[in-house]
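# Breakdown of the fold
Here is what each chain is made of, one letter per residue.
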Amino acid sequence: MASYLYYLLPAVGGYALTSLYFLKNPHFLHKKKQTAFYCTHISHRGGSGERIENTMGAFTHAAEVGTEMLELDCHLTKDSHVVVSHDENLLRQTGQDVNISSLNLEELPPYKETLEVTFKAGHFSTGSDRNIALLEDVFRKFPQIAVNIEVKENNSMLIEKNSSMPYMFTVKRALKMLLLYYTGLLPFVPLGESFLQFYLPQIINREYIPETWILRSRLVIFLIERLTSRKGMFKHLRDRGIQIHLFVCNEEQDIEAAFAAGATGVMTDYPTLLSNYIRRHKQDT
């Protein structure tokens, strides 16, 4: 047994030191990713706390207050138009229990006059624009603003229509990345993703009440925060050119916590709040 440990311990120690070295110096193994945009200010669903979510009115308002990225969700209509909507079923958003995939573009109902903000329980937004937007109209109107598209369904045609864009970690890939980090293998593995997008854990059960019962446990959220909010891992990803977006931060304390954790960008339902925070802290520096 002693002779076995004689060889094992130096090997494990050598592996740990090598892994740590390349974790801190990834440029020796990987070329840094270059993306066409670098975003600090991201408007979740176009800024759903200040206008009706995912509408052209919301996107226009967010652009006017200085957002650098519009986060949105899309689905495919019956007649193959890509439209911007978080839900496939429109009951929550419009009051009509119908699916987008069962309707032609011209049949889509308008949004409700007021809509609850998902990540700010008990708060509602409103706006004059209540129409479901076409994705192509978003690209046409905001050619200089980055657009973060979350495809909400496993639809090969929908994915094909957005296949040329840089992409983010899926949940499965993010879990694999965490496993690689904790086993020391992350520095040696190539990553195709350009973005890591993840909840800021501290908002769960305060700003956002999850439907899944296990996420309502304070212990579970504590463990998630300890396992995922690793400054060393975030720095390694940043050094490899991967942008880290934490969401959804609708209070100033959460915006501050996200940047302190190592986020390169913060996603919010309140773009004016985030713009004011960024402007004020630029003045302080």
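Look a little higher up for the structure.
Let us look at the structure shown here. Here the structure is a predicted model, which means the values were calculated and not measured. (Residues numbered from 1 in each chain as written. Predicted model: local features only at pLDDT ≥ 70, side-chain atom pairs only at ≥ 80, totals over all residues. Heavy atoms only, no water.)

## Let's talk about the layout of surface pockets
- The calculated volume of the second largest pocket comes to roughly 220 Å³.
- In this structure, the second largest pocket is lined by Thr40, His41, Val65, Gly66, Glu68, Phe259, Ser275, Tyr277, Ile278, Arg279, His281 and Lys282.
- It is helix H10 (residues 271-284) that provides the largest number of residues to the lining of the second largest pocket, a total of six residues.
- Along the lines of polarity and charge, the residues of the lining of the second largest pocket split into four nonpolar, five polar and three charged. (1 Å grid on protein atoms, 1.4 Å probe; cavity = no way out; pocket = protein on both sides within 12 Å on 5 of 7 lines; lining within 4 Å. Points joined across faces, edges and corners; volume = space filled by probe spheres on them. Helix = DSSP H or I, 4+ residues; strand = E, 2+ residues; numbered from the N terminus. Nonpolar A, V, L, I, M, F, W, Y, C, P; charged D, E, K, R; others polar.)

## Here's the deal with helix H9 (residues 252-261)
- Taken together, the buried positions of H9 are Asp254, Ile255, Ala258 and Ala261. On an axial view of H9, the arc spanned by its buried residues comes to 130°, and they lie on one face.
- Looking one or two places after H9, you find glycine 262, whose phi comes out positive at around 115°. (Buried < 20%, exposed > 50% of the residue type's maximum accessible area, 1.4 Å probe, protein only. Arc of directions from axis to C-beta.)

## Notes on unusual backbone geometry
- With an omega of -15°, the peptide bond running from phenylalanine 247 to valine 248 counts as cis.
- Residue position: valine 248 is located in the loop between strand E9 (243-247) and H9.
- Although it is not a glycine, arginine 45 adopts a positive phi angle of roughly 55°.
- Relative to the elements of secondary structure, arginine 45 occurs in the loop between strand E1 (41-44) and helix H2 (56-64).
- Positioned with a positive phi, serine 80 is a non-glycine residue whose angle comes to about 70°.
- On the basis of relative accessible area, serine 80 is assigned to the partly exposed category, the value being 35%.

## Brief notes about the nonpolar core
- If you look at the biggest cluster of nonpolar residues, it comprises 38 residues, and the most contacted ones within it are Met233 and Leu237.
- At the level of elements, helix H6 (171-182), helix H8 (231-239), E9, H9, strand E10 (265-268) and H10 are the ones that each hand at least two residues to this core.
- The dominant element in this core, judged by the number of residues it contributes, is H6, at five residues.
- The residues touching leucine 237, leaving out its near neighbours within four places in the chain, are Met177, Leu191, Leu196, Ile242 and Ile244.
- Listed in part, the 16 residues of the second largest apolar core include Leu76, Leu135, Val138 and Val147. (Core = buried A, V, L, I, M, F, W, Y, C linked by side-chain atoms within 4.5 Å. Contact = heavy atoms within 4.5 Å.)

## Re a nonpolar patch on the surface
- A cluster of nonpolar side chains, Tyr15, Tyr21, Phe28, Leu29, Leu185 and Phe188, forms an exposed patch at the surface whose accessible area comes to about 550 Å².
- Here leucine 185 falls in the partly exposed class, since its relative accessible area comes to 37%. (Patch = residues over 30% accessible without salt bridge, like charges linked within 9 Å, V, L, I, M, F, W, Y side chains within 5 Å. Areas by Shrake-Rupley, 256 points an atom, 1.4 Å probe, with all protein chains shown as cover. Salt bridge = Lys/Arg side-chain N within 4 Å of Asp/Glu carboxyl O.)

## Some remarks on the packing of aromatic side chains
- Overall, the coordinates contain eleven aromatic pairs when judged by the stated rule.
- On the numbers, 6.0 Å between centres and 40° between planes, the contact of phenylalanine 119 with tyrosine 199 is tilted. With phenylalanine 119 in the loop between strand E4 (114-116) and strand E5 (124-126) and tyrosine 199 in strand E8 (residues 195-199), this pair connects stretches of sequence that are 80 residues apart.
- Put simply, the rings of Tyr21, Phe22, Phe28 and Phe188 touch in pairs and so form one group of aromatic residues. (Phe/Tyr/Trp six-rings, centres within 6.5 Å; stacked < 30°, edge-to-face > 60°.)

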